[in-house]
Structures are given as C-alpha cells and as structure tokens.
Amino acid sequence: MLEPLRQGLPPLDPAAVSNAASCALPARFEAVREARRFTRRTLDGWELGERLDDVCLVVSELVTNALRHGVPSAAPTPTPSSSSAPGARSLVAEQGLVRLHLMRWTERLVCAVRDCSHDSPVARPSDDFSAESGRGLFLVDSFADGWGWHPLAGALDGKVVWALFRLPRPPAE
C-alpha cells in the first residue's frame, strides 16, 4: 500500500482538460471546510455527484495534511484585527500557502493540493484504527483510484499532492 509515494501525475493531456477550477486557502484549519464547500459546488456544477462524497473526503485529508505539515509553523493566522497590524504578513501572501486545484477530463478527475513544504508525504502505520489522526494518506489511498506527489520547480516553491478519480464514461450521444 502507498508505494511509490513520489510520482508525477499519470499521463494526461493538459489540452484535453474539459473543466478546471482552483482556489487559494488561508492557513487556518477552517480552510478544510472551505475546500469541501468549493469542491461540492464545483462538482455539482460539473454534474459529478456520483463521486462527490469520495472526492470531498480526499480533499479534506489532502488540505488537512497541507495545513498541518506543509505550512511553516511561524505563519500567522490572519484575522481582521491582525491583518493590518505592522509587521503582519498580508492576507494575500497568507492565502498563497495552500492551493486546491480540481481538473476534470472526460473520464478522470484530479484533485491537487499545493503547499510550500519540500517534505514528502509520510504514511504512518495504520495499525491503530481508533487513533484520531494519522490515517489521512490511508484514507486517500482507499477512496481515490490513485495518488502521488511531486516537488515543484521554477518560480513555485513546495510540492503538489494529488489524487485521481476515475469517472463513469459519458453516455454516447
């Protein structure tokens, strides 16, 4: 299970993307709920209700992991009172720390979460199923049809962790 962890996206033609959406998420745990709402609205608009629960669960886990392990611990949580304080990072800079991307091909959906860490995702042993944390990658592996991660290069810093979902073949016209 969970091997290999470091792998790029499966071969998908970027020109064949039929739909794409993304959103920046603030570095606070309420962003997980925002990511689920964004995913639900997007998939409803794309009429992909049959995989909605699986995709929302995986998005929750990927965003939680990005916030927990991929955001610098010194990153402030923006609030209305602190965002204008001298020396505080701007809300725009803060929102760039984690980004959710949803990309749809005819028969595939990819959820990708970018964070600013170079550390690879690490699956913990899943022996204790009563533990309250540590099972996120196990859930991603269980509900997605494939997943992986890759480091970013160039102007973007960090990594992307992605999950792939197969979609039902559209009805023939």
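Residues numbered from 1 in each chain as written. Predicted model: local features only at pLDDT ≥ 70, side-chain atom pairs only at ≥ 80, totals over all residues. Heavy atoms only, no water.

Asker: Which parts of the structure should I look at to understand the side chain of Glu61?
Answerer: Mapped onto the secondary structure, Glu61 falls in helix H2 (residues 52-69). Buried Glu61, no salt bridge; nearest opposite-charge side chain is Arg68, N-O distance 6.8 Å. If we ignore the near neighbours within four places in the chain, the residues touching Glu61 are Gly136, Leu139 and Val140. (Helix = DSSP H or I, 4+ residues; strand = E, 2+ residues; numbered from the N terminus. Buried < 20%, exposed > 50% of the residue type's maximum accessible area, 1.4 Å probe, protein only. Lys, Arg positive; Asp, Glu negative; His and termini not counted. Salt bridge = Lys/Arg side-chain N within 4 Å of Asp/Glu carboxyl O. Contact = heavy atoms within 4.5 Å.)

Asker: I'm lost on the side chain of Ser117 in this one. Help?
Answerer: Tracing the sequence through the fold places Ser117 in the loop between strand E3 (108-115) and helix H4 (136-143). Not counting chain neighbours up to four residues away, the residues in contact with Ser117 comprise His69, Gly70, Gly158 and Lys159.

Asker: What exactly am I supposed to notice about the nonpolar core here?
Answerer: A general tendency of soluble globular proteins is for nonpolar side chains to be buried together. Within the largest apolar cluster, 36 residues are counted, with the highest numbers of intra-cluster contacts made by Leu25, Val63, Val98, Leu100, Leu109, Ala163 and Phe165. Elements with a minimum of two residues in this core: strand E1 (19-25), helix H1 (31-45), H2, strand E2 (98-104), E3, H4, strand E4 (146-151) and strand E5 (159-166). The residues contacting Phe165, other than those within four sequence positions of it, are Arg51, Asp54, Val55, Val58, Glu107, Arg108, Leu109, Cys111, Phe143, Ala144 and Asp145. Met103, Val110, Leu152 and Trp162 belong to the second largest nonpolar core, which has eight residues in total. (Core = buried A, V, L, I, M, F, W, Y, C linked by side-chain atoms within 4.5 Å.)

Asker: Could you clarify how one ought to interpret the pairing of E3 in this entry?
Answerer: Among the eight residues in E3, seven count as buried, and that is most of the element. The pairing of E2 with E3 spans six bridges and is classified as antiparallel. For His101, the partnering residue across the bridge sits in E3 and is Ala112. If you look at the hairpin formed by E2 and E3, you'll find three residues sitting between the two strands. Where E3 meets E5, eight bridges bridge the pair, whose relative direction is antiparallel. In the sheet register, Arg114 faces E5, and the bridge partner there is Val160. (Pairing = 2+ DSSP bridges.)

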